[in-house]
Amino acid sequence: MRRIGVMGGMFDPVHRGHIAVALEAVDALSLDELRLVPCHLPNHRGPATASARDRVTMVKLAAQIDGRLLVDERECSRPGVSYTVETLESLRRDFPDAALVLVMGADAFRGLARWHRWQQIPQFAHIAVVSRPGVTIAIPAEIAGEMQGRQVESATQLFTAREGRVIMLDALQIDISSTQVRSALQEHGPIATLLPDAVADYIEEHDLYRAG
Ligand code: ATP
Ligand code: MG
């Protein structure tokens, strides 16, 4: 069974933390590929600072580091608010036989109960939760009922099904966020440790985030 990871985000901009998380999921779960899915219009936060086009381009630059990382533009090509459940539904149509794994940071998982049709996500994909500094990696109380009996401890157990299981990946603690990157850029602070070189160059060339 082909194993496809799916990692959504604003990627405003994509940073070294995103790429480390994506590669951790690829390695820990032996994924055949992981699709980075830049969000067009978010539901629970203000719009992105950079345009969808710039964000997609930066994610493409960052993904060049590993052939298993792909950029999936379906949310940016779809009008209106981007809902993860619709993205997974659409991926399930494209890949009926693959195992799909939604990869998210512990902070995103903590807020899952606020996502559109979140209860249906396990009908389309597994969920892999990746640790993040400052966030306890656990199943939030509001979703405990729905998550009951889904948690597994190993990739082998995960892939005895195509979707519907949850795994915690707690090996990483990467203290980088796009918020921190945007502030560093505004303040003309150092960014080399935060951003892939090609992304830093693109931001510089296009004068992103610094203006205003
Ligand atoms: P912002 O500060 O703008 O919210 P962010 O760094 O949180 O940016 P997002 O685009 O919001 O990045 O996140 C996309 C996905 O990547 C989410 O699932 C988020 O939890 C995860 N993620 C981002 N950075 C990390 C990190 N350092 N460790 C673990 N997960 C991360
Ligand atoms: Mg975030």
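Scroll up to find the structure.
What comes next concerns the included structure. (Residues numbered from 1 in each chain as written. Chains lettered and ligands numbered in written order. Predicted model: local features only at pLDDT ≥ 70, side-chain atom pairs only at ≥ 80, totals over all residues. Heavy atoms only, no water.)

1. Let's talk about the environment of Gln 64
Along the chain, Gln 64 turns up in the loop between α2 (52–63) and β3 (69–71). The spatial distance from the C-alpha of Gln 64 to the C-alpha of Gly 145 is 40 Å, given a sequence separation of 81 residues. (Helix = DSSP H or I, 4+ residues; strand = E, 2+ residues; numbered from the N terminus.)

2. Digging into the sheet that holds strand β5 (residues 126–130)
Backbone hydrogen bonds are what pair the strands of a sheet, in a parallel or an antiparallel way. Read across the sheet, seven strands follow the order β3-β2-β1-β4-β5-β7-β6 without closing on themselves; strand pairing throughout is parallel. Whereas interior strands pair on both sides, the edge strands pair on one side only; in this sheet they are β3 and β6 (151–152). Taken together, the two bridges between β6 and strand β7 (residues 166–169) define a ladder with parallel strand orientation. Of the residues in β7, the one forming a bridge with Val 152 is Ile 167. Packed onto the sheet, helix α4 (residues 84–94) meets β1 (3–9), β2 (33–38) and β4 (99–105) and runs at close to 155° relative to β4. (Pairing = 2+ DSSP bridges. Contact = heavy atoms within 4.5 Å. Axes fitted to C-alpha atoms, helices over the stretch in contact; angles between N-to-C directions.)

3. Focus: the nonpolar core
If you look at soluble globular proteins, the nonpolar side chains tend to sit buried side by side. One finds Leu 29, Leu 34, Leu 36, Met 58, Leu 69 and Val 103 to be the most contacted residues of the largest nonpolar core, which totals 44 residues. Among the elements that make up this core, the one with the highest residue count is helix α1 (residues 16–28) (six residues). Residues within four places of Leu 34 in sequence aside, it is in contact with Gly 5, Val 6, Met 7, Ala 22, Ala 25, Val 26, Arg 68, Leu 69, Leu 70 and Val 103. With 25 residues, the next largest nonpolar core counts Ile 4, Leu 91, Leu 102 and Val 135 among its residues. (Core = buried A, V, L, I, M, F, W, Y, C linked by side-chain atoms within 4.5 Å. Buried < 20%, exposed > 50% of the residue type's maximum accessible area, 1.4 Å probe, protein only.)

4. Describing the packing of α2 against helix α10 (residues 197–206)
α10 packs onto α2 with a crossing angle of 150° between their chain directions and a minimal axis gap of 8 Å. Judged on the interaxial angle alone, α10 and α2 are roughly antiparallel. Our pair here, α2 against α10, has a crossing hand that is right-handed. From α2, Asp 54, Thr 57, Met 58, Leu 61 and Ala 62 reach across to α10, where they touch Ala 198, Val 199, Tyr 202 and Ile 203. In terms of residue class, the contact of α2 with α10 is built from seven nonpolar, one polar and one charged. (Parallel < 35°, antiparallel > 145°, perpendicular 65-115°, else oblique. Left-handed = near helix turned anticlockwise from the far one by under 90°. Nonpolar A, V, L, I, M, F, W, Y, C, P; charged D, E, K, R; others polar.)

5. A look at α4
Turning to α4, its buried residues are Val 85, Thr 87, Leu 88, Ser 90, Leu 91 and Arg 92. Check the buried side of α4 and you find it contacts β1, β2, α3 (74–77), β4 and α6 (121–124).

Don't take any of this as a statement about function, it's just geometry.
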